[in-house]
Amino acid sequence: MIFLELNKMTGNQTPPSRPFDLLNDSIGKPVLVMLKGALSFRGTLKAFDVHMNIVLEEAEELDNNQVKTKYGKLILRGDNVILISP
Amino acid sequence: MIFLELNKMTGNQTPPSRPFDLLNDSIGKPVLVMLKGALSFRGTLKAFDVHMNIVLEEAEELDNNQVKTKYGKLILRGDNVILISP
Amino acid sequence: MIFLELNKMTGNQTPPSRPFDLLNDSIGKPVLVMLKGALSFRGTLKAFDVHMNIVLEEAEELDNNQVKTKYGKLILRGDNVILISP
Amino acid sequence: MIFLELNKMTGNQTPPSRPFDLLNDSIGKPVLVMLKGALSFRGTLKAFDVHMNIVLEEAEELDNNQVKTKYGKLILRGDNVILISP
Amino acid sequence: MIFLELNKMTGNQTPPSRPFDLLNDSIGKPVLVMLKGALSFRGTLKAFDVHMNIVLEEAEELDNNQVKTKYGKLILRGDNVILISP
Amino acid sequence: MIFLELNKMTGNQTPPSRPFDLLNDSIGKPVLVMLKGALSFRGTLKAFDVHMNIVLEEAEELDNNQVKTKYGKLILRGDNVILISP
Amino acid sequence: MIFLELNKMTGNQTPPSRPFDLLNDSIGKPVLVMLKGALSFRGTLKAFDVHMNIVLEEAEELDNNQVKTKYGKLILRGDNVILISP
């Protein structure tokens, strides 16, 4: 069903991009990630998957835009993601 | 099952549109997006996918209709979407 | 499994209708939609899909049955729907 | 896997009924529906589907067993259902 | 994948039972069911399905182990189940 | 997709074990189970399934490490599991 | 659909890694795991699966970076994972 719906959409127009394309273009670049529960992280996007699980390097947890904790690498579970800003 | 149900529905009538058609028509136009947790964003709709993940450009986070934070591009995870107003 | 269960049910009786049939019959008519988080919207039902994503036109957000905000078109994500009253 | 498990179960015994059979038997009869968020509804069960989406007619929202709001028809999203009492 | 994992497990040992086997053995017997939201019900288990939807007969809602409300039959949506004690 | 990903992983290395293997090894042994909502249970692990539904025997609900309630057998729905400690 | 999307992504570039690759590389090494509900655990990563269920050994529950409880082995359900830091 989802497949058909997609076909219909791509039939109507060539979509200029998809959200995962933007993630893909952000590999190796700094991103801001907001998670549920008022958690914010900043770091270099190293990897992601279809669940929006994310790997950040040189990651920092932010609290009111201040660095709260520094991490080397970090896996963030996609489930909790609210927004990602490249 | 879902597939059959859909067939039955489309058999009954030609649906005038689907919610994702409206999203499709809003590509390149300004939209307002309300997320769970009393978060609101405004920006130009650049992309979306079947999970309702959304890419906004020239995005602004709103707080009581006031601009709180400005973002260049923004990926909003569909999971948290409450409403989208084109 | 779900498919078999459905077969069994439809074998037992011809179901008079399904919830999505009622939605289908309400296309073009005014509906009230209650969402999680004490949100209520009123408008003309323009479209829906199997996830219960809904498009309203001439939509109004209600607060204690008073109009709080007016929207032109509105996509409500089915995930948050509690009830729809045609 | 689920299919096999079911087979095993039905192999062990003929299940006297399934929850959806009870719903099926309640079509056209009054039911009480409790939803998450302390919401209760009473009405005549007109339709349901495998997601436990429910259509009630002559529906009433209850507040401490008092009628709070009267609705003609009502679609309740199965997602929020806690209990249904025929 | 799940299927393979199961095979591997059943290859390692014959599992003595599965949770749904215990439910199956409890058909016709009294059970206690705790739901999310601090709700407890007691009754005779009449039916269940793979979603852990449950039918109780001669059901009672408990409040601090006191009977709060009596129901004839009751469908409890599996989604909200925390524990079932036969 | 998940299947391919798994293949890739098992291609990279022979995984020493999987979480469900540890559960499997704990059958017949005492375990501690923490659930969402600050609930803790202790008992002998009798059975589990792929949803992490769990059967405990000689189960005890704990409150601040004190026994609050004793149960014979107990089915805990996997959905609510936070941790299991063998 | 997901499969196609993946193909498209891997067609665009060879992804340097995936989040589960980082988990794989962390087997046998100390990790920090934050769960929903303000729970933190530290231990040696022994195993994981596609649901991000995790087995820790010599695990410690932390409270404000202080050791609160020591566990031998621990299964953490992936559902509740917010972040994993190798």
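Everything numeric here is computed off the predicted structure, so don't read it as measured data. (Residues numbered from 1 in each chain as written. Chains lettered and ligands numbered in written order. Predicted model: local features only at pLDDT ≥ 70, side-chain atom pairs only at ≥ 80, totals over all residues. Heavy atoms only, no water.)

Novice: Explain the overall build of chain A here, please?
Specialist: Within chain A one finds two helices and five strands. Going from N to C terminus, chain A has its helices and strands arranged as α-α-β-β-β-β-β. Looking at the 86 residues of chain A, the share that counts as buried comes to 52%. In chain A, once contacts between residues fewer than 6 apart in sequence are set aside, the share between residues at least 24 apart is 37%. For chain A, the exposed area adds up to about 3,800 Å²; of that, 48% sits on carbon and sulfur atoms. (Helix = DSSP H or I, 4+ residues; strand = E, 2+ residues; numbered from the N terminus. Buried < 20%, exposed > 50% of the residue type's maximum accessible area, 1.4 Å probe, protein only. Contact = heavy atoms within 4.5 Å. Areas by Shrake-Rupley, 256 points an atom, 1.4 Å probe, with all protein chains shown as cover.)

Novice: How do you make sense of the environment of Lys68 of chain A when you look at a structure like this?
Specialist: In this fold, Lys68 of chain A is placed in strand S4 (residues 66–76). Leave out the neighbours within four places in its chain, and Lys68 of chain A touches Glu61, Leu62 and Asp63 of chain A.

Novice: Can you help me understand the pairing of strand S4 (residues 66–76) of chain B in this one?
Specialist: For a regular strand, side-chain orientation follows a simple rule: the groups alternate between the two sheet faces. Bridge count for strand S5 (residues 81–85) of chain A against S4 of chain B is two bridges, and the pairing is antiparallel. Following the sheet pairing, Leu83 of chain A is matched in S4 of chain B by Leu76 of chain B. Both strand S3 (residues 54–63) of chain B and S4 of chain B contribute to a ladder of nine bridges, which runs antiparallel. Looking at the pairing, Leu56 of chain B lines up with Leu74 of chain B of S4 of chain B. Here S3 of chain B folds back onto S4 of chain B in antiparallel fashion, the turn holding two residues, of which Asn64 of chain B has a positive phi close to 50°. (Pairing = 2+ DSSP bridges.)

Novice: Please explain the nonpolar core as it appears in this structure.
Specialist: It is characteristic of soluble globular proteins that their nonpolar side chains tend to be buried jointly. Core analysis: the biggest nonpolar cluster contains 27 residues, and Val33, Phe41, Ile54, Leu56, Leu76 and Ile84 of chain E have the highest contact counts within it. For this core, the elements supplying multiple residues, two or more each, are strand S1 (30–35) and strand S5 (81–85) of chain D together with helix H2 (19–25), strand S1 (30–35), strand S2 (39–48), strand S3 (54–63), strand S4 (66–76) and strand S5 (81–85) of chain E. The leading source of residues in this core is S2 of chain E, at four residues. (Core = buried A, V, L, I, M, F, W, Y, C linked by side-chain atoms within 4.5 Å.)

Novice: What is the right way to look at the packing of aromatic side chains in this model?
Specialist: Pairs of aromatic rings are described using the distance from one ring centre to the other and the angle between the two planes. Under the definition given, this model contains 14 aromatic pairs over all chains. For the ring pair Phe41 of chain D and Tyr71 of chain D, a centre distance of 6.4 Å and an interplane angle of 55° mean the geometry is tilted. Placement of Phe41 of chain D in strand S2 (residues 39–48) and of Tyr71 of chain D in strand S4 (residues 66–76) is noted, with a sequence separation of 30 residues between them. Arg18 of chain A extends its terminal NZ or CZ atom over the ring of Phe48 of chain B, reaching a point 5.7 Å from the ring centre. (Phe/Tyr/Trp six-rings, centres within 6.5 Å; stacked < 30°, edge-to-face > 60°. Lys NZ or Arg CZ within 6 Å of the ring centre and 35° of its normal.)

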